[in-house]
Amino acid sequence: MITKENILIIGAGPAGMSCAMELCKAGKKSIIIEKENCIGGLARTFEFRESDLLFRTDIGPHRFFSKNRYLYRFIEDLLNENWISVKRQTRQFIDGKFYDYPVNATQAFKNIGPLRGAAMGFSYARGFIKYQICKNKIMNFEDYIVANFGKNLGEFNMLNYTEKIWGIPCSEIHPDWAKQRIKGLNLISAVKDALFKKKNKDIPKTLVDTFYYPKYGTGLIYDTIAEKIKKCGSIIKTSSYPTQIYHENAKITKIKLNINGKKQEITPSTLINTIPITEFIRLLSPSPPKAVVDAVKHLKWRAQVYLFVTLDKKRITNDNWIYFPNKEIPFGRVAEMKNFSKEMSPKDKTSLFIEFFVNENDKIWNLPKEKLLELSMKHFETMGLFTRKDIRNCYLLRKKNVYPSYDLDYLKHLKVIKDYLNRFENMDYIGRSGRFQYTNQDHSLEMGILAARGIIENKRYDFETVGSENEYFEKGFIRNDKTQRRTVNDLLNK
Ligand SMILES: Cc1cc2nc3c(=O)[nH]c(=O)nc-3n(C[C@H](O)[C@H](O)[C@H](O)COP(=O)(O)OP(=O)(O)OC[C@H]3O[C@@H](n4cnc5c(N)ncnc54)[C@H](O)[C@@H]3O)c2cc1C
């Protein structure tokens, strides 16, 4: 292991890998510990070989979008011509009909019909009066949707899809979820966009119609980082994880590790944690105060089950992905990976990645792949996408801790945990599960870069604003010393 300056990163997802890459650019080595047998975290790309045919898939569709120009350069430097721009096509399948997304006005009007359309208009007006004019307080996600779209339109696609993701009613979901997903979007802006398609530079993030994608899957970013950081002397240990994290006087002092089945210890100068915040707290020794341990028990995660189906068909849709808000359809979203890059499927073949939102150990989580496929096939056949005869193979994946659950109390409990963790002088906790924050890979990459910059410049960055709003980067802050903050804009955007 590296001596002298031991920078330990736990988790080889986008946050951990970007941190290691930024350190490497400054000539600093790090040690990365990853519990899985591969790197990339939720942004890895799987390869499935079927004799001489190679199918690739991400864990679901991974489009890249960011307002941070530094990040674009960061990835361009890694991938060069292997970073391609893809025209987005997305649809929703609702009540037996397909709808383009962002909305195509003519198609939506035709499918919905004038009566239902008028009812949606009235219901929007009711929501507008209640929340925008009478200023009723928005207490939960349902209120947010009713205020911005009206109840009828909300129930048509957003509320039921959201309940599918979370498995709880929208009235029990924190309005933060809307900020993460659809901030800046409302019925009027959606209609304007559908009618005029004007090029608005402040377009809400759900409406972006072109995105970047690595030619061989999103995992290419992390495989390329792995190659580069190994050359600069960094070490990646897969199938490895911490078993205990010791601390004293607000410093991480020693970490016990399981490295490929062998016990080892490390005394890190700095620790960058990207593993679930709940797991991290449980590994601390001595154990944190009872209030913190109790707060951890209140944070919940949503898991996912995936089917990846390889098909003897040239193509089944032109979509990158399709959403399925109706509850009687057991899956929530599918992605045809070939429509992200032609390298994702062999010529004349295609594949479909199917996502189910579940709780760990519930009925769907425990179903074998044959049963899950059977549950799904009747819907695909009705839609006319493909038949059982077209299927070559089917693969099943299960992932825990995929979505940090934004229930109404999560912020209260998270604050107790963060207030405790913020005291550690030589530890930053970053990333989606590391901060229990629903963020995309761009935000995790950004947090990793900021954590590295903190080490390089002996300053500490504040991760709280990353991913919290569209313009988060412009509003980022830097902590000059342990307490002072100043803007990060000039630093990373130059
Ligand atoms: C279905 C789906 C679709 C998505 N689509 C998009 C998209 O279109 N665009 C986009 O930008 N983002 C997308 N994302 C989000 C993106 O994948 C995540 O934001 C990103 O991967 C988070 O990176 P991270 O490093 O913070 O966390 P992770 O990717 O979760 O990485 C954490 C790493 O820590 C490891 N780990 C966990 N516990 C331990 C332990 N005890 N010891 C050691 N290692 C451990 C994990 O194995 C993992 O490798 C999507 C995610 C999903 C699930």
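Read on for a plain summary of the structure. Just so it is clear, the model here is predicted, and its values are computed rather than measured.

Scanning the chain for helices and strands turns up 16 helices and 23 strands. Here the chain holds 494 residues, and the buried ones make up 59% of them. Summarising the internal contacts of the chain: among those between residues at least 6 apart in sequence, 69% fall at separations of at least 24. As displayed, the chain has an accessible area near 22000 Å², and 51% of this comes from carbon and sulfur atoms.

Once that is clear, we can look at the pattern of salt bridges. Under the definition given, this model contains 25 salt bridges. The salt bridge partner of Glu22 is Lys25, with a shortest N-O separation of 3.9 Å. Placement of both Glu22 and Lys25 in helix H1 (residues 14-25) is noted, with a separation of 3 residues, approximately one turn of the helix. Since its relative accessible area comes to 4%, Glu22 is described here as buried.

With respect to topology, 5 strands assemble into an open sheet ordered E9-E2-E1-E13-E20, the strand pairing being parallel. Lying at the two open borders of the sheet, with one neighbouring strand each, are strand E9 (235-237) and strand E20 (427-429). The average angle at which neighbouring strand axes cross in this sheet is 15°, direction not considered. Sheet topology places strand E13 (residues 270-273) next to E20; 3 bridges connect them, and they run parallel. Of the residues in E20, the one forming a bridge with Asn273 is Tyr429. Along the sheet, H1 contacts strand E1 (7-10), strand E2 (31-33), E9 and E13; its crossing angle with E1, the most-contacted strand, is approximately 155°.

This part covers the pairing of strand E7 (residues 97-101). Bridge analysis of strand E6 (residues 90-94) against E7 gives 5 bridges, and the strand direction is antiparallel. By the bridge assignment for E7, Arg91 is matched with Asp100. Taking the residues that link successive antiparallel strands as the turn, the E6-E7 hairpin has 2 residues, and the phi of Asp95 there is positive, at about 50°.

With that settled, consider the nonpolar core. Core analysis: the largest hydrophobic core is formed by 77 residues, its most contacted members being Trp177, Ile245, Leu271, Ile417 and Leu421. In this structure, Leu271 is in contact with Leu8, Ile10, Ile245, Ile252, Ile255, Phe280, Asn426, Met427 and Asp428, ignoring residues within four places of it in sequence. Residues Ala15, Ala43, Ile75 and Phe463 belong to the second largest nonpolar core, which totals 41 residues.

Together, Phe128, Ile129 and Ile133 make up a nonpolar patch on the protein surface, roughly 270 Å² of accessible area in all. Assignment of secondary structure puts Phe128 in helix H4 (residues 114-133). When its relative accessible area of 33% is taken as the criterion, Phe128 is described as partly exposed.

Its place among the elements puts Gly332 in the loop between strand E16 (321-323) and strand E17 (333-335). The buried category is assigned to Gly332, whose relative accessible area is 1%. Expressed as a C-alpha distance, the spacing of Gly332 and Thr162, which sit 170 residues apart in the sequence, is 9.6 Å. Once residues within four sequence positions are removed from consideration, Gly332 is found in contact with Tyr161, Lys164, Ile322, Tyr323, Phe324, Glu355 and Phe357.

The next subject is the packing of H1 against helix H2 (residues 69-79). Where H1 meets H2, the closest approach of the two axes is 13 Å, and the angle between their N-to-C directions is 80°. Relative to H2, the element H1 lies roughly perpendicular. Taking contact as the criterion, the partners of Ser18, Met21, Glu22 and Lys25 in H1 are, on H2, Tyr70, Phe74 and Leu78. Split into classes, the residues belonging to the contact of H1 with H2 amount to 4 nonpolar, 1 polar and 2 charged.

On to H2. Turning to H2, its buried residues are Tyr70, Leu71, Tyr72, Phe74, Ile75, Leu78 and Leu79. Of the residues flanking the start of H2, the one acting as N-cap is Asn68, its side-chain oxygen 2.9 Å from the backbone nitrogen of Tyr70. With its phi angle positive at about 50°, Asn80 sits one or two positions after the end of H2.

Attention now goes to unusual backbone geometry. Here the residue pair Ser285 and Pro286 is connected by a cis peptide bond, since its omega of 0° sits within 30 degrees of zero. Secondary-structure assignment places Pro286 in the loop between strand E14 (284-285) and helix H11 (290-298). The phi torsion at Lys135 lies on the positive side, around 55°, for a residue other than glycine. For Lys135, the location among the structural elements is in the loop between H4 and helix H5 (141-149).

Now for the site of the ligand. The ligand sits among 36 residues. The nearest are Glu34, Pro61, His62, Arg63 and Glu279. Take Arg432: an N or O atom from its main chain is 2.8 Å from an oxygen atom of the ligand. Burial of the ligand by the protein chains amounts to 94% of its free accessible area of 1000 Å². Of all the elements in the fold, those that place two or more residues in the shell around the ligand are H1, strand E10 (240-248), strand E15 (301-311) and helix H15 (441-457). Here the shell around the ligand gathers at least three residues from each of two domains, domain 1 (7-42 + 217-299 + 407-493) and domain 2 (45-89 + 301-404).

Quick notes on the rules
- Residues numbered from 1 in each chain as written.
- Predicted model: local features only at pLDDT ≥ 70, side-chain atom pairs only at ≥ 80, totals over all residues.
- Heavy atoms only, no water.
- Helix = DSSP H or I, 4+ residues; strand = E, 2+ residues; numbered from the N terminus.
- Buried < 20%, exposed > 50% of the residue type's maximum accessible area, 1.4 Å probe, protein only.
- Contact = heavy atoms within 4.5 Å.
- Areas by Shrake-Rupley, 256 points an atom, 1.4 Å probe, with all protein chains shown as cover.
- Salt bridge = Lys/Arg side-chain N within 4 Å of Asp/Glu carboxyl O.
- Pairing = 2+ DSSP bridges.
- Axes fitted to C-alpha atoms, helices over the stretch in contact; angles between N-to-C directions.
- Core = buried A, V, L, I, M, F, W, Y, C linked by side-chain atoms within 4.5 Å.
- Patch = residues over 30% accessible without salt bridge, like charges linked within 9 Å, V, L, I, M, F, W, Y side chains within 5 Å.
- Parallel < 35°, antiparallel > 145°, perpendicular 65-115°, else oblique.
- Nonpolar A, V, L, I, M, F, W, Y, C, P; charged D, E, K, R; others polar.
- Polar contact = N/O pair within 3.5 Å; in protein donor to acceptor, adjacent residues only side chain to side chain.
- Near = heavy atom within 4 Å.
- Domains from an automatic or database assignment.

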